[in-house]
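Residues per chain, in single letters:
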Amino acid sequence: MNHRFPLPDSLAELRNYVNGEFVATGKLFANVSPINGAVLAQVHEADAALADRAVKSAKAALDGPWGSMSVAERAAVLDKVADAIERRYDEFVAAEVADTGRSIEQARTLDVYRGVANFRTFADLVKVAGGETYDMRTASGHDVMNYTVRKPHGVIAIISPWNLPLLLLTWKVAPALACGNTVVVKPSEETPSSATLLAQVMDEAGVPPGVFNLLHGFGPDSAGEFLTGHPDIDAITFTGESSTGSTIMKVAAEGVKEVSFELGGKNAAVVFADADFDAAVAGVIRSSFTNSGQVCLCSERVYVERPIFDRFVAALKEKAEALKVGYPDEPGVDMGPLISKGHRDKVLSYYKLALEEGATLVCGGGVPAFGDERDEGAFVQPTIWTGLPDTARCVREEVFGPVCHIAPFDTDEEVIARVNDSPYGLAASVWTTSLKRAHNVSRRLRTGITWVNTWFLRDLRTPFGGAKQSGLGREGGQYSLDFYSEISNISIQL
Ligand SMILES: NC(=O)C1=CN([C@@H]2O[C@H](COP(=O)(O)OP(=O)(O)OC[C@H]3O[C@@H](n4cnc5c(N)ncnc54)[C@H](O)[C@@H]3O)[C@@H](O)[C@H]2O)C=CC1
Ligand SMILES: O=C(O)/C=C/C=C(\O)C(=O)O
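- For the chain, the name recorded in an unreviewed UniProt entry is Aminomuconate-semialdehyde/2-hydroxymuconate-6-semialdehyde dehydrogenase, with Eoetvoesiella caeni as its organism.
- Of the comments in the UniProt record for the chain, the one headed Sequence similarities (unreviewed entry) reads "Belongs to the aldehyde dehydrogenase family."

1. Side note on the nonpolar core
For step 1, the next point in the chain: Counting 146 residues, the largest nonpolar core has Leu-78, Val-183, Val-184, Val-270 and Val-271 as the members making the most contacts within it.
For step 2, the next point in the chain: The leading source of residues in this core is helix α5 (residues 165-178), at 10 residues.
For step 3, the next point in the chain: Per-domain counts for this core show at least three residues from each of domain 1 (9-263 + 470-493) and domain 2 (267-458).
For step 4, the next point in the chain: The contact partners of Leu-78, leaving out residues within four places of it in the chain, are Phe-119, Phe-122, Ala-123, Ala-174, Leu-177 and Ala-178.

2. A word on the pairing of strand β11 (residues 235-239)
Each regular strand shows side chains that alternate between the opposite faces of the sheet.
For step 1, the next point in the chain: The buried fraction of β11 amounts to five of the five residues, a majority that puts the element mostly inside the structure.
For step 2, the next point in the chain: The pairing of strand β8 (residues 155-159) with β11 spans four bridges and is classified as parallel. Within β11, the residue paired with Ala-157 across the bridge is Ile-236.
For step 3, the next point in the chain: As paired elements, β11 and strand β12 (residues 258-262) share five bridges and run parallel to each other. The residue of β12 that forms the bridge with Thr-239 is Glu-262.
For step 4, the next point in the chain: Crossover connection from β11 via helix α8 (residues 242-254) to parallel β12: handedness right-handed.

3. Considerations on the pairing of strand β17 (residues 403-409)
For step 1, the next point in the chain: Counting buried positions over the seven residues of β17 gives six, a clear majority of the element.
For step 2, the next point in the chain: By the bridge criterion, five bridges tie strand β14 (residues 299-305) to β17 in an arrangement that is parallel. Looking across to β17, one finds that Arg-301 is bridged to His-405.
For step 3, the next point in the chain: The pairing of strand β16 (residues 383-386) with β17 spans four bridges and is classified as parallel. The partner of Trp-385 across the bridge, within β17, is His-405.

4. Observations concerning the domain arrangement of the chain
For step 1, the next point in the chain: Each assigned domain of the chain is listed here: domain 1 (9-263 + 470-493) and domain 2 (267-458).
For step 2, the next point in the chain: Between the C-alpha centres of domain 1 and domain 2 there is a distance of 31 Å.
For step 3, the next point in the chain: Listed per partner, the contact involves 18 residues of domain 1 and 21 residues of domain 2.
For step 4, the next point in the chain: Those elements that place two or more of their residues in the side of domain 1 that touches domain 2 are α3 (89-100) and α4 (104-127).

Rules behind the numbers
Residues numbered from 1 in each chain as written. Chains lettered and ligands numbered in written order. Predicted model: local features only at pLDDT ≥ 70, side-chain atom pairs only at ≥ 80, totals over all residues. UniProt positions renumbered as here; feature names shortened; annotations may be inferred. Core = buried A, V, L, I, M, F, W, Y, C linked by C-beta atoms within 7 Å. Buried ≥ 20, exposed ≤ 12 C-beta atoms within 10 Å, placed from the backbone. Helix = DSSP H or I, 4+ residues; strand = E, 2+ residues; numbered from the N terminus. Domains from an automatic or database assignment. Contact = placed C-beta atoms within 7 Å. Pairing = 2+ DSSP bridges. Right-handed = clockwise from strand over helix to strand, strands pointing away.

Below is the structure:
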């Protein structure tokens, strides 16, 4: 089947990248468009032997020219990578659009934009990263000075998901390289393209062979597992589903490897009656339906103070029904497809379950009918439910689709308890014009991130990560530099 949103010519075939060379394995899997099910390209799946070569080349590269570069030289390489992404911006946009079906506008202003920003930010931050020093005098009168130095951990395994492919991959690659590590990355099997372009860019930017390696494939019994289970990996960073994080953590425990996890969420938006009503409606539309709900930060639980509940539900319904679901280049398109038909089956199973659990369907709940090739794709309607108890599975489990449940609440204490009654604790957004309430509620929510009167507004220097089953550790700014460094103390008797 032809495709109006093909991969750029540079990605006719998707190979692994190991020790500075693009490697074919001949064991192929298809990269499929979620717009119409067309095959975009064939991908060479890495086997255990190639994973071993990738890790060994990454280990060897630590002792090559990369290992002897100054911080400023490494930062300059990261800036060159950012320059190279900018030169090939349109190809990166095309790759993200082809793999995910998202709007060109989103790929330009969020995905690829952040890909560049991740490299620039960590190039800047690593140049000004400092250490600690302490002077002390012992009981026996010796003067001692302690100071810290940052060393790379070594080889970092980076496993990334399909929902924001380039953004989330580079969010980890940039600081890992800034700190002097070498990396082996395994992007999602659903979105192999922008990672392959990134490998081309690394080549162009003069990153020495072995410093950046790319393996294509799946998780279990494939590239993901071969990589995370490799004994020469020094640390693992992962973004994806909580249950996958748990599996990887068990593997990491065998070798006592450091891990950093950004996992799932069942995030809440809390709308108080004193909120700027229109801003809150627009904000919740964004937080529930951006990227077809496929952002770990999306709000799937919306709590609205009772005096404005009916009005809010009606306003959200009107706006959700007006969302334009369609092609990546349609003017004003708001939502593309889900990532795959497999994921659509999962989301639709929740649409069905919600009704079985007694939900009132406010809007959506099904699949849009286009009457064209898109009926072979992975589209679903934006969906809103009300009427479920907080114990319902649809209110507790992450759907990862364009859906939210809206429930009324009466008091601040009550809503804080209900938001916190979740196995997850990634993000929340609070909508209020009361400064006091904004502070008081935000600091009592058990989440890694709370936005007030906004959502997904990111300063890359801030700590990013989740509480409870939403993650382990923090990345962002100094937190990334700390995770990707072995911080060593040197103690000198003067
Ligand atoms: N950021 C988030 O919160 C995300 C949540 N999801 C949710 O997870 C569900 C499953 O989607 P998946 O793509 O299968 O997510 P996943 O968490 O299984 O996959 C994410 C990455 O981990 C890799 N992986 C999977 N199993 C692995 C293993 N045992 N060892 C090493 N690597 C492994 C995958 O190949 C992929 O690169 C989705 O339906 C969605 O609900 C998916 C992606 C991101
Ligand atoms: O770093 C960001 O700005 C976005 C992060 C989003 C995720 O981690 C996710 O959706 O999985």
